[in-house]
Amino acid sequence: MINTLRRSIPANTWSTEEIRQLRQLATAGASLDTICVTLRRTRSAIRNKATMHGISLKRCGESLASSLPTHEHGLAS
């Protein structure tokens, strides 16, 4: 018996339209938070998809590197 309630496409699959919209928002310099709200995706999902499709988020109010934890290294005197 086939379960008819099962979705044929997983909910987290990105449509071509969503990727186009991500590219458009990133190019326009929209903030990462704005992109997240607009596409209803997490920051991590946005970053991952942008990386996979060669979309730069550097003009989106923060660079990818700024979201990574920083480590302070003490120098011996």
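Note that the coordinates shown come from a computational prediction; the quantities given were computed from them, not determined experimentally.

Reading the values: rules and limits
Residues numbered from 1 in each chain as written. Predicted model: local features only at pLDDT ≥ 70, side-chain atom pairs only at ≥ 80, totals over all residues. Heavy atoms only, no water. Axes fitted to C-alpha atoms, helices over the stretch in contact; angles between N-to-C directions. Helix = DSSP H or I, 4+ residues; strand = E, 2+ residues; numbered from the N terminus. Parallel < 35°, antiparallel > 145°, perpendicular 65-115°, else oblique. Contact = heavy atoms within 4.5 Å. Nonpolar A, V, L, I, M, F, W, Y, C, P; charged D, E, K, R; others polar. Buried < 20%, exposed > 50% of the residue type's maximum accessible area, 1.4 Å probe, protein only. Core = buried A, V, L, I, M, F, W, Y, C linked by side-chain atoms within 4.5 Å. Left-handed = near helix turned anticlockwise from the far one by under 90°. Expected span 1.5 Å × (residues − 1). Arc of directions from axis to C-beta.

The next subject is the packing of helix H2 (residues 32-39) against helix H3 (residues 43-52). It is at 9 Å that the axes of H2 and H3 come closest, and there the two elements cross at 100°. Our classification of the angle between H2 and H3 gives roughly perpendicular. Residue-level inspection shows Leu32, Asp33, Ile35, Cys36 and Leu39 of H2 in contact with H3, the latter providing Arg43, Ile46 and Arg47. Taken together, the residues of the contact of H2 with H3 break down into 5 nonpolar, no polar and 3 charged.

Before going further, it helps to spend a moment on H3. Helical periodicity: at 3.6 residues per turn, an α-helix aligns residues three or four positions apart in one direction. Considered for burial, the residues of H3 that qualify are Ile46, Arg47, Lys49 and Ala50. Two residues or fewer past H3, Gly54 is found with a positive phi of approximately 65°.

A separate point is the nonpolar core. Core analysis: the biggest nonpolar cluster contains 15 residues, and Trp14, Leu22, Ile35, Leu39, Ile46 and Leu57 have the highest contact counts within it. Only helix H1 (16-28), H2 and H3 provide two or more residues apiece to this core. If sequence neighbours within four positions are ignored, Leu39 has contacts with Trp14, Glu18, Gln21, Leu22 and Ile46.

On to the packing of H1 against H2, then. Relative orientation of the contacting elements H1 and H2 amounts to 155°, with a least axis distance of 10 Å. With respect to each other, H1 and H2 are oriented roughly antiparallel. Between H1 and H2 lies a crossing of right-handed hand. Residue-level inspection shows Glu18, Gln21, Leu22, Leu25 and Ala26 of H1 in contact with H2, the latter providing Ile35, Thr38 and Leu39. Its residues assigned to classes, the contact of H1 with H2 comprises 5 nonpolar, 2 polar and 1 charged.

For H1, built from 13 residues, the straight-helix expectation of 18 Å at 1.5 Å per residue is met to within 8% by its first-to-last C-alpha distance of 18 Å. All of the buried residues in H1 are Glu18, Ile19, Leu22, Leu25 and Ala26. The buried residues of H1 occupy an angular sector of 130° when the element is viewed end-on, so they sit on one face. Exposed residues on H1 whose side chains face more than 90 degrees from its buried face are Thr16, Thr27 and Ala28. Where H1 is buried, its residues touch H2 and H3.

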